[in-house]
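Each chain, written out:
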Amino acid sequence: MPETTPKALIARRSLHGELVPLLRDMILGDELQPGDKIPELALCARFGVSRTPLREALKVLAAEGLLVLTPNRGAMVARISDEEIDAYFPIMGALEALAGEIACTRITEAQFAKLKAMHDAMVAHYQAGEVAPYLNLNKAIHAAFFEIAGNAPLTQLYNNLMVRIHAVRFVAKKSPARWREAVEDHDRMMEALAERDGPRLGRILRDHLRHKAGMVHESLAGLDARGNPLAETPVPRAAEKRAAKAAGKPNAPGPSRTAPARGKAAGRVPRPKTGAESAT
């Protein structure tokens, strides 16, 4: 975690309202990875706040699906299983394809101009390797398809699913090749939208979500290969002692088993600063 600097302190008048985007950017910017436990005390010191506003901010991010709140273990960055990826992403692809097809029949010139400006700005962030602003625009563009389509039940279905999967959809790490693939998908989306070609846009969006599913599978495999902290659950020494006593060895509890080491000690290879997030 970066060293605390005076500029990192938050004006107390803002409380959790200002903490939410800062914490979100830490997740989107790779400071906190899927499966990481949120270091509450360190974050309180970093931002100069008490635990109360921090925990309120964590609740907001949990409602967005970026964090998981667990009793007695605090908050962790959300992670999804391979089975959930295979179940959810085809549905998301179908919903986004339908929204795109409807949007093609309803979009106005003013709406298209606004969407094109968002796309161009997103591509500029991609070219500069600016992950967090790229992702913010990326999500806004996908949401815009549903807004333009104007189908309330469709949007509700989409939002219900996004609560579960958008944490990995927009946060899981991807290779430079996968990031480039996502941007090229977006270029094709804009071409189809400019031509008001709904069926073509629908096909592109389905392919886009299929590409995304492949990327998330790769990201999870990479986390497991490095030794994700959720891969093992620490066994408390007290529990080991009780087990040893039950086995007739009260003085031989055995070594404590802990989660794999992280960072340099675990052999983690530093990521390039331009590393690609899961931008769709």
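Scroll up to find the structure.
Residues numbered from 1 in each chain as written. Predicted model: local features only at pLDDT ≥ 70, side-chain atom pairs only at ≥ 80, totals over all residues. Heavy atoms only, no water.

(A) Representation of the side chain of His-142 in the model. Here His-142 shows up in helix H6 (residues 131-149). His-142 sits in the buried class, given a relative accessible area of 0%. (Helix = DSSP H or I, 4+ residues; strand = E, 2+ residues; numbered from the N terminus. Buried < 20%, exposed > 50% of the residue type's maximum accessible area, 1.4 Å probe, protein only.)

(B) Broad picture of the environment of Ile-102. Of note, Ile-102 is situated in helix H4 (residues 82-106). Residue classification places Ile-102 among the partly exposed positions, given a relative accessible area of 21%. Considering only alpha carbons, one finds Ile-102 and Gly-198, 96 residues apart in sequence, at a separation of 7.1 Å. Not counting residues up to four positions away in its chain, the partners in contact with Ile-102 are Ala-149, Asn-151 and Leu-154. (Contact = heavy atoms within 4.5 Å.)

(C) Structural view of the packing of aromatic side chains. Tallied over the full model, the rule gives 4 aromatic pairs. Residues Tyr-134 and Trp-179 carry aromatic rings whose centres are separated by 5.2 Å and whose planes lie at 85 degrees to one another, so their mutual orientation is edge-to-face. Of this pair, Tyr-134 sits in helix H6 while Trp-179 sits in helix H8 (residues 176-194); the two residues are 45 residues apart in sequence, bridging distant segments of the chain. Residue classification places Tyr-134 among the buried positions, given a relative accessible area of 0%. Exposure remark for Trp-179: the relative accessible area of 4% places this residue in the buried category. Taking the centre distance of 3.8 Å and the plane angle of 25 degrees together, the rings of Phe-146 and Tyr-158 count as stacked. Placement of Phe-146 in helix H6 and of Tyr-158 in helix H7 (residues 152-171) is noted, with a sequence separation of 12 residues between them. Its relative accessible area of 5% is what places Tyr-158 among the buried residues. Within the aromatic cluster, the residues linked to one another by ring pairs are Tyr-126, Tyr-134 and Trp-179. (Phe/Tyr/Trp six-rings, centres within 6.5 Å; stacked < 30°, edge-to-face > 60°.)

(D) Expanded view of the pattern of salt bridges. Counted under the stated rule, the structure contains 13 salt bridges. The closest approach of N and O atoms between Arg-46 and Glu-31, which form a salt bridge, is 3.0 Å. With a gap of 15 residues between them, Arg-46 in helix H2 (residues 40-47) and Glu-31 in the loop between helix H1 (16-28) and H2 connect regions that are remote in the sequence. Arg-46 sits in the buried class, given a relative accessible area of 12%. The closest approach of N and O atoms between Arg-196 and Glu-109, which form a salt bridge, is 3.0 Å. Pair noted here: Arg-196 is in the loop between H8 and helix H9 (198-226) and Glu-109 is in helix H5 (residues 109-128), with a separation of 87 residues, a long-range link. The class of Arg-196 is partly exposed, set by a relative accessible area of 28%. Residue Glu-109 is classed as exposed on the basis of its relative accessible area of 59%. Salt bridges linked by common partners bring Glu-40, Arg-51 and Arg-55 together as one network. (Salt bridge = Lys/Arg side-chain N within 4 Å of Asp/Glu carboxyl O.)

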